[in-house]
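# Results of the structural survey
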Amino acid sequence: MAERLKEEILNREKMVDILAGPDAYRDLPRLLAVAESGQQAANVLLSLDETYADVMPVQTSPSATSAFVSIMRGCDNMCSYCIVPFTRGRERSRPVASILEEVRKLSEQGLKEVTLLGQNVNSFRDSSEIQFNNAVSTNLSRGFSTNYKPKQGGLRFAHLLDHVSRVDPEMRIRFTSPHPKDFPDEVLQLIHERDNICKQIHLPAQSGSSRVLEAMRRGYSREAYVELVHHIRESIPGVSLSSDFIAGFCGETEEDHLQTVSLLREVQYNMGFLFAYSMRQKTRAYHRLKDDVPEEVKLRRLEELITVFREEATKANMASVGCTQLVLVEGHSKRSATDLCGRNDGNLKVIFPNVEVEDVSNSGVRVRAQPGDYVLVKVRCPFGLLACVVRWMLGWIIWGSEISSRRNFFFL
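What counts, and at which threshold
As a convention, each chain's residues are numbered from 1 in the sequence order in which they are written. Two thresholds apply to this predicted model, a pLDDT of at least 70 for residue-level local features and 80 or more for giving and counting side-chain atom pairs, whereas whole-chain, interface and lining totals are computed over all residues. Side-chain calculation: all heavy atoms of the structure are included, whereas hydrogens and water are not. By definition, any uninterrupted DSSP run of H or I lasting at least four residues is a helix, any uninterrupted run of E lasting at least two residues is a strand, and each is numbered from the N terminus. For every residue, the accessible area (1.4 Å probe, protein chains only) is compared with the maximum for its type, and the residue is labelled buried under 20%, exposed over 50%, or partly exposed between those bounds. Contacts are assigned to residue pairs with any non-hydrogen atoms lying within 4.5 Å of each other. The Shrake-Rupley method, run with a 1.4 Å probe sphere, supplies the accessible areas, and residue values consider only the shown protein chains as cover. The arc in question is traced by the directions running from the helix axis to the C-beta atoms. Here an axis means a line fitted to C-alpha atoms, over the contact stretch when the element is a helix, while the angle between two N-to-C directions is reported on a 0 to 180 degree scale. Comment on the angle field: the value is read as roughly parallel under 35 degrees, roughly antiparallel over 145, roughly perpendicular from 65 to 115, and oblique elsewhere. In this scheme the crossing of two helices becomes right-handed for a clockwise turn of the near helix relative to the far one and left-handed for an anticlockwise turn of less than a right angle. Strand pairing requires that DSSP identify at least two bridges connecting the strands. Two N or O atoms form a polar contact when they lie within 3.5 Å of each other; inside protein one atom must be a possible hydrogen donor and the other a possible acceptor, and for residues adjacent in sequence the pair counts only when both atoms belong to side chains. Grouping buried Ala, Val, Leu, Ile, Met, Phe, Trp, Tyr and Cys residues that are joined through side-chain atoms within 4.5 Å yields what is termed a nonpolar core. When a carboxyl oxygen of Asp or Glu lies within 4 Å of a side-chain nitrogen of Lys or Arg, that pair is called a salt bridge. The patch calculation keeps residues exceeding 30% relative accessible area without a salt bridge and links them within 9 Å when they carry like charges or within 5 Å when they are nonpolar (Val, Leu, Ile, Met, Phe, Trp, Tyr).

### Regarding the overall build of the protein
Regarding its fold elements, the protein presents 11 helices and 21 strands. Across the 412 residues in the protein, those meeting the buried criterion constitute 52%. Sequence separation of at least 24 residues holds for 71% of the intrachain contacts in the protein that already meet a minimum separation of 6. Per element, the accessible surface of the protein, about 19,800 Å² overall, is 52% carbon and sulfur.

Right, dumping it as structure tokens:
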């Protein structure tokens, strides 16, 4: 926002003293000094190499069970609707060594889950050392292409994911947000083989229409996307899938919309993030396409997508009923003071009773699950849908029996 709305923020509002873009944090001491002299200070310049690799975040919450670790910044995909390349700059990745150091420190602090972050997280490519810059080209998902020249050399996402997952076998590893084009077989195989890499993949589709996908410059057709979904489910049995969808993109017809509806029904995502299209300045769509779908049509189509998503997600998540799942306890449920909540491997919220039970490894000792504990729960019945304005997530209520514990591991 600082980069995109610089003039408007500084000149029209007259309320801001300091404006720092995402690559200008190191310049904050100078900006503060300028502001203290009574002048407005701004730096929104984008960098080709800034990753803040040597700046380790401070964990401020003593009760935190999870943390985010930024592994790369920017995006080179240049999807026609997206502002990210213009506000976050070109892709650049942190050195693997600095990422592993941060993950180790989080493990030593007792955190149980790490999410690797990036605008296009699975296109990670560490070329910080000369010996990494070999002539090996990037492997893409079958049937996918890029809007840029193939990149060669560097340590790829599979290498990073492998080493991060080895830091602490009891620490869960997630990553977001990926692009469907960057799921070569070696990444899928690693997710399948490594127990602490969560069997959950975010696979942004954006549309179910090949014509709209081409206008969006996504680099794949509906057919290629569906083939990838089948390949992922074959490679990682029981995987949980989530996706992003945009309703009412430039030129989207009713037939295009119905193809997106049919994709939602065909794939049956466990989670979804659905939006009505909103034009952004500087994007390719702003310069070359026409935002010609009326607002009321966008909202109607969005509501239809949400309705279909909820129906299909309910069916998909019913498969968990009767299954025992591993849940990382996060804290008390917001809906009930007598329940705890956590997330399963598929990143679905789980609600279960906060009750004292006997610790079978210490006869006569009563224990309660605490944040950071792993709990084995048996899903009895779906509780319903937890709804936010732009995201929808399925939750579960668990009726428990007994818990036995061993090293912060419980059975419910």
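Back to the text.
### Focus: helix α6 (residues 185-193)
Every buried residue of α6 is listed here: Val187, Leu188, Leu190 and Ile191. The buried side chains of α6 occupy one side of the element, clustering within an arc of 160° when seen end-on. Residues of α6 that are buried make contact with α5 (157-167), β9 (172-176), β10 (200-202) and α8 (222-235).

### Quick word on the packing of α5 against α6
One can describe the packing of α5 onto α6 by two numbers: an axis separation of 9 Å at closest approach and a directional angle of 15°. Regarding the angle of α5 to α6, the classification is roughly parallel. Of the two possible hands of crossing, α5 and α6 adopt the one that is left-handed. Taken together, the residues of α6 that come into contact with α5 (itself represented by Phe157, Ala158, Leu161 and Asp162) are Glu186, Val187, Leu190 and Ile191.

### Focus: the pairing of strand β6 (residues 113-117)
Burial within β6 is extensive, with 4 of its 5 residues counted as buried. Where strand β3 (residues 66-70) lies against β6, 5 bridges are found, and the strand directions are parallel. When the bridges of β6 are listed, Ser70 appears paired with Leu117. Where β6 lies against β9, 5 bridges are found, and the strand directions are parallel. By the bridge assignment, Leu117 is partnered in β9 with Thr176.

### A closer look at the side chain of Ser333
Looking at where Ser333 falls in the secondary structure, it is placed in the loop between β13 (324-332) and β14 (339-343). Taking relative accessible area as the criterion, Ser333 reaches 9% and is therefore assigned buried. A polar contact of 3.1 Å, which involves the side chain of Ser333, links it to the backbone nitrogen of Arg335. For Ser333, the residues in contact, after removing those within four places along its chain, are Asp339, Leu340, Cys341 and Ile351.

### Quick look at the nonpolar core
Formed by 58 residues in total, the largest nonpolar core has its most connected members in Ile71, Leu116, Phe157, Leu161, Ile201, Ile232 and Tyr269. With sequence-adjacent residues up to four places away left out, Phe157 is seen in contact with Ile71, Leu116, Val121, Asn122, Phe124, Phe175 and Val187.

### Comments concerning the pattern of salt bridges
A full pass over the atoms with the stated rule returns 27 salt bridges. Two residues, Asp23 and Arg92, come together in a salt bridge whose shortest N-O distance is 2.6 Å. Taken together, the residues Asp23 in the loop between β1 (18-20) and α2 (28-36) and Arg92 in strand β5 (residues 92-93) connect sequence positions 69 residues apart. Its relative accessible area of 10% is what places Asp23 among the buried residues. Residue class for Arg92 comes out buried when judged on its relative accessible area of 6%. The partner of Glu113 in a salt bridge is Arg174, with the nearest N and O atoms 3.3 Å apart. Here Glu113 is found in strand β6, whereas its partner Arg174 is found in strand β9, with 61 residues between them in sequence. Note on Arg174: relative accessible area 5%, which makes it buried.

### Thoughts on a nonpolar patch on the surface
A cluster of nonpolar side chains, contributed by Tyr25, Leu28 and Leu32, occupies part of the molecular surface with about 250 Å² of accessible area. Among the secondary structure elements, Leu32 is positioned in helix α2.

### Thoughts on the environment of Pro184
Along the polypeptide, Pro184 turns up in the loop between β9 and α6. Residue classification places Pro184 among the buried residues on the basis of a relative accessible area of 11%. In the structure, Pro184 is positioned 44 residues away from Leu140 in sequence and 5.5 Å away in space, judged by C-alpha atoms. When residues no more than four places from it in sequence are discounted, the contact partners of Pro184 are Asn139 and Ser141.

From the geometry alone we can't say anything about function, so treat these as descriptive.
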